[in-house]
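Topology and contacts: notes
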Amino acid sequence: MTLVGGGEQVARAVELLASGGLVAFPTETVYGLGADATNPAAVRRVFEAKGRPAGHPLIVHVGHVDAIERWADRPDPRARQLVAAFWPGPLTVIVPSSGSAVPEVTGGRGTVGLRMPDHPLTLELLQRFDGGLVGPSANRFGHVSPTTAGHVLDDLDGRLDLVLDGGPARVGLESTIVEVLVGQPPTLLRPGGISVGQLEQVLGEPIVDGRTGPSRAAGMLASHYAPHATVEIVDVADARSDGVPNDIGVAVISAIALDHPDVTVLSNDAGRFGAGLYEALRAIDARGMERIVIVPPTDGVLLPAVLDRLSKAAGPRS
Ligand code: TXA
Ligand code: MG
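First, a word on what this report is: a plain description of the structure on this page. Quick caveat: nothing in here was measured; it's all calculated off a predicted structure.

1. As for the pattern of salt bridges
- For the coordinates displayed, the defined rule picks out 19 salt bridges.
- With a closest N to O distance of 2.8 Å, Arg115 and Glu28 form a salt bridge. Taken together, the positions of Arg115 in strand β6 (residues 111-115) and Glu28 in the loop between β2 (23-25) and β3 (32-36) put the pair 87 residues apart, joining distant regions of the chain. Residue Arg115 shares its accessibility class with Glu28, and that shared class is buried.
- When the shortest N-O distance is used, the salt bridge between Asp247 and Arg291 registers 3.8 Å.

In C-alpha cells, the structure reads:
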C-alpha cells in the first residue's frame, strides 16, 4: 500500500527520500515519481516501478534557479537566460552534466535535464530536501501521464512509498524540453507548457526542431502517452461535415460541441484542452471503451504540444 497525504506529509517525504525511498510529487505539468538523483539504488527503483527501460535519461527537479550551477557544468549563458525567465515553470533545459547526477539518471550521457517545477508543495519539498529529485512522470512506462494523485495510485500503488497530493495539475501536459549546448543552436526535444515563440523571444534566436532526427527523448517514441483504447484523430472540419463514428464502444473527446452519445467536450483553446486531456483519456479507459475518437483544438499557443501528444496517443503501438 502506498501512503497518500498533503502538505503535512512533506517532512515524512524528505525522510523517505533521504533513505532511498520513492515519493510521487505534484507539479504544474504532471505528477513526477521522485527519488534522490545522487542515489543509484533509489534511481534504479524508479525504473523498476515504472517498467521503464534502463538508458532512458531522467530529468532532475530542483528547488532554486541557482541550482543549475550545482548540476550543470559551465552551462551556456542562454541556458541561464531561459531558466531566469521561465523557472519555476514547465521548462526543462538539457545542459552538460557536472556529474552530480549519477549515471543511472543521465543514461551515461554527458548531459542532464533540469527543471524547477511551479507547485508550492513540491517547491517546499525540494527546498527542504536540499538536493535534486529525479522525476519521470509517475505512470507505468508508455501509459498516459498522471494529472492527479489518484492517477498515480491507479498505475503505481504498492510500487512507491508516498504520494504527495497537490490537487489536479494546472498545465496537464509535460514540460517543454530544450537542449542548450555551447556552439549549437537551441534545440527543441519536446514541445510543452512553454511555447517555442516564448523561448525565441527570450533568446532572440530561432529554436531548431530536434524531433525530426533519431529519437532522443523517450517521449518521442511513437507509442508514448497511450491509453489502452485505440485512438483516432478526426479534425474539426471533418467532424462538422461528416460527424464522428458512434458505434458501441466509441467515446469522443472533442474541442467543439458535437451531437454524439458519448462525448467529452474540452475546449478549442489548446491550453485548456491540454489541461483536461489526460484525465479524459484515463476516465474513458476506466469505462473499458475500445476506441477513442479525438477532435483536436485549433487555437492557442500550446497547440504544438497538444498535437504532439495526440499524434503519439494515436501512433502505432509497439
Ligand atoms: O513535465 C515534466 O517534464 C514531467 C514532470 C514530472 O516534471 N516529467 C517528465 O519526465 O515528463 P519524463 O521522464 O516522463 O520525460 C522526460 C524526458 C524523457 O523523454 C527523457 O528521455 C528526456 O526528458 N531527457 C531527460 N534527460 C535527457 C537528456 N540528458 N538528453 C535528452 N533527453 C533527456
Ligand atoms: Mg513520461
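2. As for the sheet that holds strand β1 (residues 3-5)
- Read from one edge of the open sheet, 11 strands run β1-β8-β2-β3-β7-β4-β6-β5-β9-β10-β11, paired in mixed fashion. Two strands lie at the open edges of the sheet, namely β1 and β11 (208-209), each paired on one side alone.
- Pairing geometry for β3 and strand β7 (residues 133-134), over 2 bridges, is antiparallel. Paired with Ala35 across the two strands is Val134, which belongs to β7.
- Set on the sheet, helix α2 (residues 40-50) makes contact with β3 and β7; between it and β3 the angle comes to about 155°.

3. Regarding the packing of helix α4 (residues 77-86) against helix α8 (residues 196-203)
- Running from N to C, α4 and α8 cross one another at 120°; their axes reach a closest spacing of 10 Å. Regarding the angle of α4 to α8, the classification is oblique. Considering the relative orientation of α4 and α8, their crossing is right-handed. Counting all contacts with α4, which are made through Arg78, Gln81, Leu82, Ala85 and Phe86, the residues of α8 involved are Gln198, Leu199, Val202 and Leu203.
- Residues of the contact of α4 with α8, tallied by class, amount to 6 nonpolar, 2 polar and 1 charged.

Reading the values: the criteria
- The residue numbers shown here count from 1 along each chain, following its written sequence.
- All chains are assigned letters beginning with A, and all ligands numbers beginning with 1, in the order in which they are written.
- At least 70 in pLDDT is required for a residue's local features to be given in this predicted model, at least 80 for side-chain atom pairs to be given and counted, and no such filter applies to totals for whole chains, interfaces and linings, which use all residues.
- No hydrogens and no water enter the side-chain calculation; it runs on all heavy atoms of the structure.
- Any carboxyl oxygen of Asp or Glu within 4 Å of a side-chain nitrogen of Lys or Arg constitutes a salt bridge here.
- Comment: elements are numbered from the N terminus, with helices defined as DSSP H or I runs of at least four residues and strands as E runs of at least two.
- Relative accessible area decides the class of each residue, using a 1.4 Å probe on protein chains only: under 20% of the type maximum gives buried, over 50% gives exposed, and in between gives partly exposed.
- By the convention used here, strands pair only if DSSP detects at least 2 bridges between them.
- Should any heavy atoms of two residues lie within 4.5 Å, those residues are counted as being in contact.
- In this analysis, axes come from line fits to C-alpha atoms, helices being fitted only over the stretch in contact, and the angle between any two N-to-C directions falls in the range 0 to 180 degrees.
- Roughly parallel here means an angle under 35 degrees, roughly antiparallel means over 145, roughly perpendicular means 65 to 115, and every remaining angle is called oblique.
- Working rule for handedness: look at the near helix, and if it is turned counterclockwise from the far one by less than a right angle, call the crossing left-handed; if clockwise, right-handed.
- Any residue that is not Ala, Val, Leu, Ile, Met, Phe, Trp, Tyr, Cys, Pro, Asp, Glu, Lys or Arg is counted as polar, Gly included; the first ten are nonpolar and the last four charged.

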